[in-house]
Amino acid sequence: MRKVLALFGIIIFAILASGSRAEDLRITAFGDSLVQGYGLPQGDGLVPQLQAWLQEQGVAVRLSNAGVSGDTTAGGAARIDWTLSDQPQGIIVLLGGNDLLRGLSPEQARANLRQIVQAAREREVEVLLVGMQAPGNFGPEYKASFDVIYAELAQEFDALLHPDAFAGIRGVAGADPAAAQPYMQADNIHPNRAGVALNVAALGPVVQELANRIRGSEQGS
């Protein structure tokens, strides 16, 4: 009899656990090497650290990594439909860094990001845009034109906005490259494990807001 009860208990637990997993929100992190986890051991990149952060907050989300190293906004626009075919409920868009490294046109970056966000919104996928801040070496006009892209697109499409992918590191180091160096890899482009952790702590609450939006839209439908 005890064996039967024990087996029954295991079955009930398995059913409850599978039901809980089935309710996890499906959110895709879509971007370049900052999403993919370039130069970091498995588990140290943005997606696994963000997944762990959300679990610690009790947020039931299953994150997918759709990061491609070297991707520009044009590359993202070219593959967004394929990514959305997995039917995520939300998408975190972090693109633009490689456009900046190559000095590509802010107008073209805007058009590409607009295509990405529009494709997601047309499928009723909630969007979180993560901004990139242009360096000053291309001049003030370039920087001003690039930096406003994310906020303006977020407003246009009623998307959430996290203005700066490096907000966590900047919050500790400010604008001093020397102070930021302990949180960066040797290339001074990609954050190391500690830098990712800082950026995740800054990004995490906005991802929580994204999860709340998804649950709210589901309850309202």
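Computed from a predicted structure; not experimentally measured.

### Things to note about the nonpolar core
- Residues Ile91, Ile92, Val93, Leu128, Met132 and Phe146 are the most contacted members of the largest nonpolar core, which totals 61 residues.
- Broken down by element, the residue count for this core peaks at eight residues, all from helix H11 (residues 193–220).
- Residues contacting leucine 128, with those up to four places away along its chain left out, are Ile91, Ile92, Val93, Leu160, Leu161, His162, Leu203, Val206, Val207 and Leu210.

### Considering the environment of glutamate 126
- By secondary structure assignment, the location of glutamate 126 is in strand E4 (residues 126–130).
- Taking the C-alpha atoms as reference points, glutamate 126 and phenylalanine 157, separated by 31 residues in sequence, lie 9.8 Å from one another.
- Each residue touching glutamate 126, except ones within four places of it in the same chain, is listed here: Gln89, Gly90, Ile91, Arg121, Leu210, Arg213, Ile214 and Ser217.

### Focus on helix H4 (residues 73–84)
- Taking 1.5 Å of rise per residue, the twelve residues of H4 would be expected to cover 16 Å, and the 16 Å separating its terminal C-alpha atoms lies within 8% of that figure.
- What H4 keeps buried is the set Thr73, Gly76, Ala77, Arg79, Ile80, Thr83 and Leu84.
- Its buried side turned inward, H4 meets strand E1 (25–31), strand E2 (61–67), strand E3 (90–94), helix H5 (97–102) and helix H6 (106–122).

### Digging into the pairing of E4
- Within E4, five of the five residues are buried, leaving the element largely enclosed by the surrounding structure.
- Across the two faces of E4 the burial is the same, with Glu126, Leu128 and Val130 and Val127 and Leu129 all buried.
- Relative to E4, E3 runs parallel, the two sharing four bridges. Its bridge partner lying in E4, glycine 90 is registered against glutamate 126.
- Both E4 and strand E5 (residues 160–162) contribute to a ladder of three bridges, which runs parallel. When the sheet's bridge partners are listed, leucine 128 is paired in E5 with leucine 160.

### Quick look at empty space enclosed by the protein
- Taken as a whole and assessed by the stated rule, the structure comprises two cavities of 30 Å³ or more.
- Empty space within the largest cavity amounts to approximately 120 Å³.
- Ranked by the residues each element gives to the lining of the largest cavity, the list is headed by H11, at three residues.
- Approximately 50 Å³ is the volume found for the second largest cavity.
- What lines the second largest cavity is simply Ser33, Leu34, Gly37, Tyr38, Leu40, Gln185, His190, Pro191 and Val196.
- Counted by class, the lining of the second largest cavity contains five nonpolar, four polar and no charged residues.

### A word on the layout of surface pockets
- For the largest pocket, the calculated volume is near 760 Å³.
- Forming the boundary of the largest pocket are 28 residues, of which Phe166, Arg170, Met184, Asn188 and Ile189 lie nearest the centre.
- Examining the composition of the lining of the largest pocket, we find that four residues originate from one element, H5, more than from any other.
- Its residues assigned to classes, the lining of the largest pocket comprises 15 nonpolar, nine polar and four charged.

Thresholds, definitions, all that
Residues numbered from 1 in each chain as written. Predicted model: local features only at pLDDT ≥ 70, side-chain atom pairs only at ≥ 80, totals over all residues. Heavy atoms only, no water. Core = buried A, V, L, I, M, F, W, Y, C linked by side-chain atoms within 4.5 Å. Buried < 20%, exposed > 50% of the residue type's maximum accessible area, 1.4 Å probe, protein only. Helix = DSSP H or I, 4+ residues; strand = E, 2+ residues; numbered from the N terminus. Contact = heavy atoms within 4.5 Å. Expected span 1.5 Å × (residues − 1). Pairing = 2+ DSSP bridges. 1 Å grid on protein atoms, 1.4 Å probe; cavity = no way out; pocket = protein on both sides within 12 Å on 5 of 7 lines; lining within 4 Å. Points joined across faces, edges and corners; volume = space filled by probe spheres on them. Nonpolar A, V, L, I, M, F, W, Y, C, P; charged D, E, K, R; others polar.

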